[in-house]
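Listed below are the residues making up each chain.
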Amino acid sequence: DVKVTQSSRYLVKRTGEKVFLECVQDMDHENMFWYRQDPGLGLRLIYFSYDVKMKEKGDIPEGYSVSREKKERFSLILESASTNQTSMYLCASSISGQETQYFGPGTRLLVL
Amino acid sequence: AQSVTQPDIHITVSEGASLELRCNYSYGATPYLFWYVQSPGQGLQLLLKYFSGDTLVQGIKGFEAEFKRSQSSFNLRKPSVHWSDAAEYFCAVGGSGSGGSNYKLTFGKGTLLTVNP
């Protein structure tokens, strides 16, 4: 079974802090994705990566950056957290050529 | 640009009743279609997917979906709902081909299912 893990289930941070959300997959998938999920808005793609050190902006990249130094790990960085970044963050991965995405359990981030 | 519409934000059914969740998509070529389910506080779990072939697709937990190209629809069905089916359901569309951006999925906004005893 594919396993996607996220470093924290719940996180509380203060405005202006730098926040790191980590995602690790164990199935040698090329593609990895970061989404945020908000009530009534569904899932919105922040960034994705289709290879090590490669990244592309999704639909809402503002205020975020990403890092992919190793194939299995994809990090989402909030350079200076703001209250409007309070949300559920979901990581996913997929094999190149297969669009099925496998999701982690999510990180619920609260920015005070 | 691809898009997905789930017209029903919230549906309530009684346990044992049949269920149909609607999904309409917009996509310029042959779509890849997915249904995911999310239990409260959890990530998304794949229920089923359509890539090609038989337009009636069977998934896990007794769910099925039918791809209707003429209606741009991919509705999810279950003949008899169980209380454990209460969750949020997401339809998604993606495309074939090479290149990083073709691996993206576009999700609908979700349908919340409540099951009454």
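Please read these numbers as outputs of a predicted model, since none were measured by experiment. (Residues numbered from 1 in each chain as written. Chains lettered and ligands numbered in written order. Predicted model: local features only at pLDDT ≥ 70, side-chain atom pairs only at ≥ 80, totals over all residues. Heavy atoms only, no water.)

(A) Spotlight on the overall build of chain A. A tally of regular secondary structure across chain A gives zero helices and 11 strands. Reading the secondary structure of chain A in the N-to-C direction produces β-β-β-β-β-β-β-β-β-β-β. In summary, chain A has a C-alpha radius of gyration of 13 Å against a globular reference of 13 Å for 112 residues, a match within 12%. Principal axes of the C-alpha set define a box for chain A whose edges measure 40 × 25 × 25 Å. (Helix = DSSP H or I, 4+ residues; strand = E, 2+ residues; numbered from the N terminus. Rg over C-alpha atoms; globule rule 2.2 N^0.38 Å.)

(B) Spotlight on the nonpolar core. Core analysis: the biggest nonpolar cluster contains 26 residues, and Leu19, Trp35, Leu47, Leu48, Phe74, Leu76 and Tyr89 of chain B have the highest contact counts within it. Sorting elements by how many residues they give to this core places strand S10 (residues 87-95) of chain B first, with four residues. Filtering out sequence-adjacent residues up to four positions away, leucine 47 of chain B remains in contact with Trp35, Tyr36, Val37, Gly59, Ile60, Lys61, Phe63, Leu76 and Tyr89 of chain B. If you look at the next biggest cluster of nonpolar residues, it comprises 20 residues, including Cys23, Trp34, Leu76 and Cys91 of chain A. (Core = buried A, V, L, I, M, F, W, Y, C linked by side-chain atoms within 4.5 Å. Buried < 20%, exposed > 50% of the residue type's maximum accessible area, 1.4 Å probe, protein only. Contact = heavy atoms within 4.5 Å.)

(C) Inspection of unusual backbone geometry at higher detail. The phi torsion at lysine 53 of chain A lies on the positive side, around 65°, for a residue other than glycine. Mapped onto the elements of the fold, lysine 53 of chain A is located in the loop between strand S5 (42-51) and strand S6 (54-57). By relative accessible area, which is 56% here, lysine 53 of chain A ends up exposed. Despite not being glycine, lysine 61 of chain B has its phi angle at roughly 60°, a positive value. Within the secondary structure, lysine 61 of chain B is located in the loop between strand S7 (56-58) and strand S8 (64-68).

(D) Summary view of the interface of chain A and chain B. Listed per partner, the contact involves 23 residues of chain A and 24 residues of chain B. When the two sides are added together, the surface that chain A and chain B hide from each other amounts to roughly 1800 Å², 57% of it contributed by carbon and sulfur. Considering only the surface of chain A that becomes buried against chain B, Glu99, Thr100 and Phe103 of chain A emerge as the three largest contributors, covering 31% of it. In this assembly, chain A and chain B are joined by zero salt bridges. When contributions to the side of chain A that touches chain B are tallied by element, the ones reaching two or more residues are strand S4 (31-38), S5 and strand S9 (87-94) of chain A. (Buried area = accessible area lost by both parts, 1.4 Å probe. Salt bridge = Lys/Arg side-chain N within 4 Å of Asp/Glu carboxyl O.)

(E) A look at the sheet that holds strand S7 (residues 65-70) of chain A. Residues and elements named next belong to chain A. Taking strand neighbours across the sheet as the criterion, the four strands line up as S1-S3-S8-S7 in an open arrangement whose pairing is antiparallel. What marks the edges here is a single partner per strand, and that holds for strand S1 (4-6) and S7. The average undirected angle you get between the axes of adjacent strands in this sheet is 20°. As paired strands, strand S3 (residues 19-25) and strand S8 (residues 73-78) are joined by six bridges and run antiparallel to one another. (Pairing = 2+ DSSP bridges. Axes fitted to C-alpha atoms, helices over the stretch in contact; angles between N-to-C directions.)

(F) Quick look at a nonpolar patch on the surface. There is a patch of nonpolar side chains on the surface, built from Val12, Leu110 and Leu112 of chain A and spanning about 260 Å² of accessible area. Note that valine 12 of chain A resides in strand S2 (residues 10-13). (Patch = residues over 30% accessible without salt bridge, like charges linked within 9 Å, V, L, I, M, F, W, Y side chains within 5 Å. Areas by Shrake-Rupley, 256 points an atom, 1.4 Å probe, with all protein chains shown as cover.)

(G) Quick look at the state of the cysteines. All names here are of chain A. Taken as a whole and judged by the stated rule, the model has two disulfides over all chains. In this model cysteine 23 forms its disulfide with cysteine 91; the gap between the sulfur atoms is 1.8 Å. Because the torsion about its S-S bond is -75°, the bridge between cysteine 23 and cysteine 91 counts as left-handed. Taken together, the positions of cysteine 23 in strand S3 and cysteine 91 in strand S9 put the pair 68 residues apart, joining distant regions of the chain. Among the residues examined, cysteine 23 registers a relative accessible area of 0% and is labelled buried. The buried category is assigned to cysteine 91, whose relative accessible area is 0%. (Disulfide = S-S within 2.5 Å.)

(H) How the structure looks around the packing of aromatic side chains. Counting across every chain of the model gives 15 aromatic pairs over all chains. Judged by centre distance (6.3 Å) and plane angle (25°), the ring pair of phenylalanine 33 of chain A and tyrosine 35 of chain A falls under stacked. Using a relative accessible area of 0% as the deciding quantity, one classes phenylalanine 33 of chain A as buried. Ring-pair connections join several aromatic residues into one group, and the members of that group are Phe33, Tyr35, Phe48 and Phe103 of chain A together with Tyr32, Phe34, Tyr36, Phe51 and Phe107 of chain B. (Phe/Tyr/Trp six-rings, centres within 6.5 Å; stacked < 30°, edge-to-face > 60°.)

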